[in-house]
Amino acid sequence: MRTTSIRRRRPAGPPLARRWRDTADRHLTPVQRSLLITWVSFGVTFASVRVITHGIRGGWLPWGNISAGGEHLHHYNIGIVTLAGLGLVAVRGDERAVGHPAVAAAYGCGTALICDEFALLLDLQDVYWAKQGRISVDVSLGVLSALGVYLTARPFWHEIGRVTGHHLASVTRGGVRTAR
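Presented here is an overview of the structure given in this document. Counting from 1, residues in each chain are numbered in the order their sequence is written. Where local features are concerned, this predicted model is filtered to residues with pLDDT of at least 70; where side-chain atom pairs are given and counted, the filter is 80 or more; whole-chain, interface and lining totals use all residues. As a rule here, side-chain values cover all heavy atoms of the structure and leave hydrogens and water aside.

As for the layout of surface pockets
In step 1: As defined here, a cavity is a set of points on a 1 Å grid over the protein atoms alone where a 1.4 Å probe fits but cannot get out. A pocket is an open set with protein on both sides within 12 Å along at least five of seven lines, and residues line them when an atom is within 4 Å of a point. Grid points are joined across faces, edges and corners, and a volume is the space filled by probe spheres set on the points. Within this model, the largest pocket holds a volume of roughly 420 Å³.
In step 2: Contributing to the lining of the largest pocket are 19 residues, with T53, I56, N65, H72 and H75 lying nearest its centre.
In step 3: Counting residues per element, the lining of the largest pocket draws most heavily on helix α2 (residues 30-58), which supplies five residues.
In step 4: Under the convention adopted here, Pro, Cys and the residues Ala, Val, Leu, Ile, Met, Phe, Trp and Tyr are nonpolar, Asp, Glu, Lys and Arg are charged, and Gly plus all remaining residues are polar. Among the residues making up the lining of the largest pocket, the classes are represented as ten nonpolar, six polar and three charged.
In step 5: The volume enclosed by the second largest pocket comes to roughly 190 Å³.
In step 6: Every residue along the wall of the second largest pocket is listed here: W20, R21, A24, D25, L28, R33, L36, I37 and P101.
In step 7: A helix here means a DSSP run of H or I that spans at least four residues, while a strand means a run of E at least two residues long, and both kinds are numbered starting from the N terminus. Within the residue set of the lining of the second largest pocket, elements represented by two or more residues are α1 (16-27) and α2.

Structural notes on the pattern of salt bridges
In step 1: We define a salt bridge as a side-chain nitrogen of Lys or Arg found within 4 Å of a carboxyl oxygen belonging to Asp or Glu. Throughout the structure, instances matching the rule amount to four salt bridges.
In step 2: Between R134 and D138 there is a salt bridge, and its shortest N-O distance comes to 2.8 Å. Here R134 and its partner D138 are both found in helix α7 (residues 134-152), four residues apart, which amounts to about one turn of the helix.
In step 3: Throughout, exposure labels follow a simple rule: accessible area from a 1.4 Å probe, protein chains only, divided by the maximum for the residue type, with under 20% read as buried, over 50% as exposed, and the rest as partly exposed. With relative accessibility at 48%, the residue R134 sits in the partly exposed group.
In step 4: Judged by its relative accessible area of 39%, D138 is partly exposed.
In step 5: Among the salt bridges present, the one from E159 reaches R162, with a minimum N-O distance of 2.5 Å. With E159 and R162 both in helix α8 (residues 154-174), this residue pair falls three residues apart, about one helical turn.

Considering the packing of aromatic side chains
In step 1: Pairing of aromatic rings covers Phe, Tyr and Trp, the last counted by its six-membered ring, and requires centre-to-centre distances within 6.5 Å; plane angles under 30 degrees mean stacked, over 60 mean edge-to-face, and any other angle means tilted. Across all of its chains, the model carries two aromatic pairs by this definition.
In step 2: Pairing Y128 with W129 gives two aromatic rings, centres 5.0 Å apart and planes at 80 degrees, and the pair type is edge-to-face.
In step 3: Measuring from centroid to centroid gives 4.8 Å for F156 and W157, while their planes differ by 65 degrees, and the two rings are edge-to-face.

Here it is, written out as structure tokens:
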């Protein structure tokens, strides 16, 4: 009896994740990379939290709300703790930590956790499932949209800022003129 061996072809070159990282290194500045990571982590966190909260409320997820000492912990609490920790990293001023992709990801996650419960923070009432809770979704989608608009046209916005600054400086030097 003859046995045959099945040879699996190995992909040529480095794994896809390394290729993505190399592409990002070639095409993105560190600031652009951080903003992109923040944007993606915000969107993924916002979507995940919405699915999880619907799953908890609908009973189709096997776990429940997070509590401490009998008190329900809202996910904005986790977001605030996350941003406070990141503030400590920023205040400390360690450049390697400040520019690290994990910091950008944590910032996006923490901000999404807070924005998703914006209505609760605004009204100081748990309106997550009420009509007033819709403002949290609107704020979160607004943040996602604003970051997306900035990221897609970053050079344009920087040039607009530069042109506006020059214009304001020239108006200030020449005095304010009013139209008659």
